[in-house]
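Understanding the architecture of this molecule
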Amino acid sequence: MQLVEGEKEVIIACVNEVLKEKEKTTENLIPILQNVQARLGYLPSLAMEMIAADLAVPAADVFGLATFYNQFRLSPPGKHQVKVCLGTACYMVGGKIALESFERRMEIREGETSVDRLYSLERVACVGCCTMAPVVVVDEVVEGKVTPTRVDGIMLALQENGDTKKSEMKTDLPDEGEGKNK
Amino acid sequence: MSDQITITIDGRQINVMPGLKLLWAALDNGIYIPHLCAIREEIRPNASCRLCFVEIEGSKHPVTSCTKTVEENMVVKTRSPRIDRLVKTAFELIISDHNLKCNECPANKNCVLQTIAKERGLRLKQKRFKSIVREFELDDSPEVFAFDRSRCVLCGQCIWADRVEAKVGAIGFTNRGIKRMVTTFKDLPLADSICTQCTLCVDACPVGALYYKKDRKEAGS
């Protein structure tokens, strides 16, 4: 994920602040990551590298830990956050179809954020309204009985809403890519 | 050799150094116990491959020999119906997500999985579990070696070589469950990572996941 203008400085300041507060032991790695994520909304790779260097553990280990736990996200939350429920009821009536439809429309995979940071897509396990399955939560609004056609409708509504804000987003700092061999 | 202790494995009396793990005591004396993840120098073994189970007289359950320290007068059996069943299950689980195209594999005939199958009369085929062979992009970015994750058994030997022997820290485990894999920071190709391409990990790989390009076989040959 490319960093937006000025984001690098924010990340560096935030990570330094968190590292100052915590004792530099490997036991503190998870609390440090949690703290950084609480402040930044996600774990940028720059933050992981800084933390790894500070605690003298391989960056690959910090990356491994961040990908192991569901609580950590590696891509920034999008302007519009879509959460697709894959709890038992939603799964049975085709929650996966809704998820795949979103993946196709947003051109990202589950857990990722679009390059323009307009959309992020996540899967959740039960929102608590199984009668409306399959359920999708779009920016805190619960949508029930989501078919691929409804996905198109939701995306259309988001696009009309989002196009006005697209011009605000600017990216710089190349080569912060997510990696190629996934 | 008064400081050595005596143990019995499969009816054979052997003298070993105290403090040694049972697995290495057996292997050093020519008694084969299947193993993938075990590392002799490791103080706290992972015991993650679940292949090195043995029966110890007086203990109710089979134990992993890589974690069990030898004790004076220990009586060990490497085979029993219980052990065979445990090892068979563990082996089938390991090969259920392993790329079994052995004739295309550079480690063919030099593969620990094949050794285990031969030693224990197991087949390199299983039907009990759903086979999930994941598609991975081949990482052939390093100069002399390549990494095919579809053959990786997640034993961790390469990570040990990378961390302890090479002292680099380029690779590690990521993700969880069926998505677990060995990769670099940010999933970069090896050549773009901090990997020094020392090839110690290639030498450590018990299967054909990390292999020298010179050993590569053309598909179908």
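Residues numbered from 1 in each chain as written. Chains lettered and ligands numbered in written order. Predicted model: local features only at pLDDT ≥ 70, side-chain atom pairs only at ≥ 80, totals over all residues. Heavy atoms only, no water.

Focus: the overall build of chain B
Along its length, chain B carries five helices and nine strands. Start at the N end of chain B and walk to the C end: the helices and strands fall as β-β-α-β-β-β-α-α-β-α-β-β-α-β. Taking 17 Å as the expected radius of gyration for a compact globule of 221 residues, we find that chain B reaches 19 Å, a close match to that expectation. Here chain B holds 221 residues, and the buried ones make up 48% of them. Restricting the contact set of chain B to residue pairs at least 6 apart, pairs at least 24 apart contribute 61%. (Helix = DSSP H or I, 4+ residues; strand = E, 2+ residues; numbered from the N terminus. Rg over C-alpha atoms; globule rule 2.2 N^0.38 Å. Buried < 20%, exposed > 50% of the residue type's maximum accessible area, 1.4 Å probe, protein only. Contact = heavy atoms within 4.5 Å.)

Section: the state of the cysteines
Per the counting criterion, the structure on display carries zero disulfides over all chains. There is no disulfide at C130 of chain A, and the cysteine sulfur nearest it, in C126 of chain A, is 3.8 Å away. By relative accessible area, C130 of chain A is classed as partly exposed at 41%. Looking at C158 of chain B, it has no disulfide partner, and the nearest cysteine sulfur is the one in C152 of chain B, 6.1 Å off. (Disulfide = S-S within 2.5 Å.)

Let's talk about the environment of R73 of chain A
All names here are of chain A. Following the sequence through the fold, R73 ends up in the loop between α4 (59-68) and β1 (80-85). Judged by relative accessible area, which is 16%, R73 ranks as buried. Through-space distance from the C-alpha of R73 to that of R39 is 13 Å; in sequence the pair is 34 residues apart. Beyond its immediate stretch of four places on either side in the chain, R73 contacts Q37, G41, Y42, L43, Q81, T113, S120 and E122. A distance of 2.9 Å separates the side chain of R73 from the backbone oxygen of S75, its partner in a polar contact. (Polar contact = N/O pair within 3.5 Å; in protein donor to acceptor, adjacent residues only side chain to side chain.)

Here's the deal with the packing of helix α2 (residues 81-96) of chain B against helix α3 (residues 112-120) of chain B
All names here are of chain B. Running from N to C, α2 and α3 point in directions that differ by 150°, and their axes come no closer than 12 Å. By the angle class used here, α2 and α3 are roughly antiparallel. In terms of crossing hand, the pair formed by α2 and α3 is left-handed. For the pair α2 and α3, contact is made by I83, D84, V87, F91, I94 and I95 and by L113, I116, A117 and R120, respectively. (Axes fitted to C-alpha atoms, helices over the stretch in contact; angles between N-to-C directions. Parallel < 35°, antiparallel > 145°, perpendicular 65-115°, else oblique. Left-handed = near helix turned anticlockwise from the far one by under 90°.)

Focus on the packing of aromatic side chains
All chains considered together, the criterion is met by three aromatic pairs over all chains. With 5.0 Å between their ring centres and 80° between their planes, F68 of chain A and Y69 of chain A make a pair best called edge-to-face. For F68 of chain A, a relative accessible area of 29% corresponds to the partly exposed category. Between Y69 of chain A and F72 of chain A, the aromatic rings sit 6.4 Å apart at their centres with planes inclined by 75°, giving edge-to-face as the arrangement. The exposure class of Y69 of chain A is partly exposed, given its relative accessible area of 33%. Among the aromatic residues, ring-to-ring pairing joins F68, Y69 and F72 of chain A into one connected group. Here R176 of chain B stacks its cationic end above the ring of F68 of chain A, 5.1 Å away from the centre of that ring. (Phe/Tyr/Trp six-rings, centres within 6.5 Å; stacked < 30°, edge-to-face > 60°. Lys NZ or Arg CZ within 6 Å of the ring centre and 35° of its normal.)

Observations regarding the confidence of the model for chain A
All names here are of chain A. Across chain A, the average pLDDT comes to 87, with 88% of residues at or above 70. Looking across chain A, the model is least confident in helix α7 (residues 148-166), with a mean pLDDT of 79, and most confident in α4, with 96. Here residues 165-182 scores under 50 on pLDDT; set against residues more than four positions off or in separate chains, the count is 45 contacts. (pLDDT = per-residue confidence, 0-100.)

Let's talk about the pairing of strand β7 (residues 171-174) of chain B
Residue and element names in this part refer to chain B. One ladder, built from four bridges, connects β7 with strand β8 (residues 181-184); its direction is antiparallel. Counterpart to I171 in the pairing with β8 is T184. Hairpin connection, β7 to β8: the antiparallel pair is bridged by six residues, and N175 has positive phi, about 60°. (Pairing = 2+ DSSP bridges.)

With respect to the interface of chain A and chain B
Each partner contributes residues to the interface: chain A has 20 residues there, and chain B has 22 residues. Both faces combined, the contact of chain A with chain B buries some 1700 Å², and carbon together with sulfur accounts for 53% of it. Remark: the boundary between chain A and chain B carries one salt bridge. Linking chain A to chain B there are three residue pairs in polar contact (both at pLDDT 80 or more). Only α3 (45-55) and α4 of chain A provide two or more residues apiece to the side of chain A that touches chain B. Tallying contributions element by element places α4 of chain A first for the side of chain A that touches chain B, with seven residues. When grouped by side-chain class, the residues that make up the side of chain A that touches chain B number six nonpolar, seven polar and seven charged. (Buried area = accessible area lost by both parts, 1.4 Å probe. Salt bridge = Lys/Arg side-chain N within 4 Å of Asp/Glu carboxyl O. Nonpolar A, V, L, I, M, F, W, Y, C, P; charged D, E, K, R; others polar.)

Some points on the domain arrangement of chain A
Partitioning chain A into domains gives domain 1 (7-68) and domain 2 (80-163). Taking only C-alpha atoms into account, the centre of domain 1 of chain A sits 30 Å from that of domain 2 of chain A. (Domains from an automatic or database assignment.)

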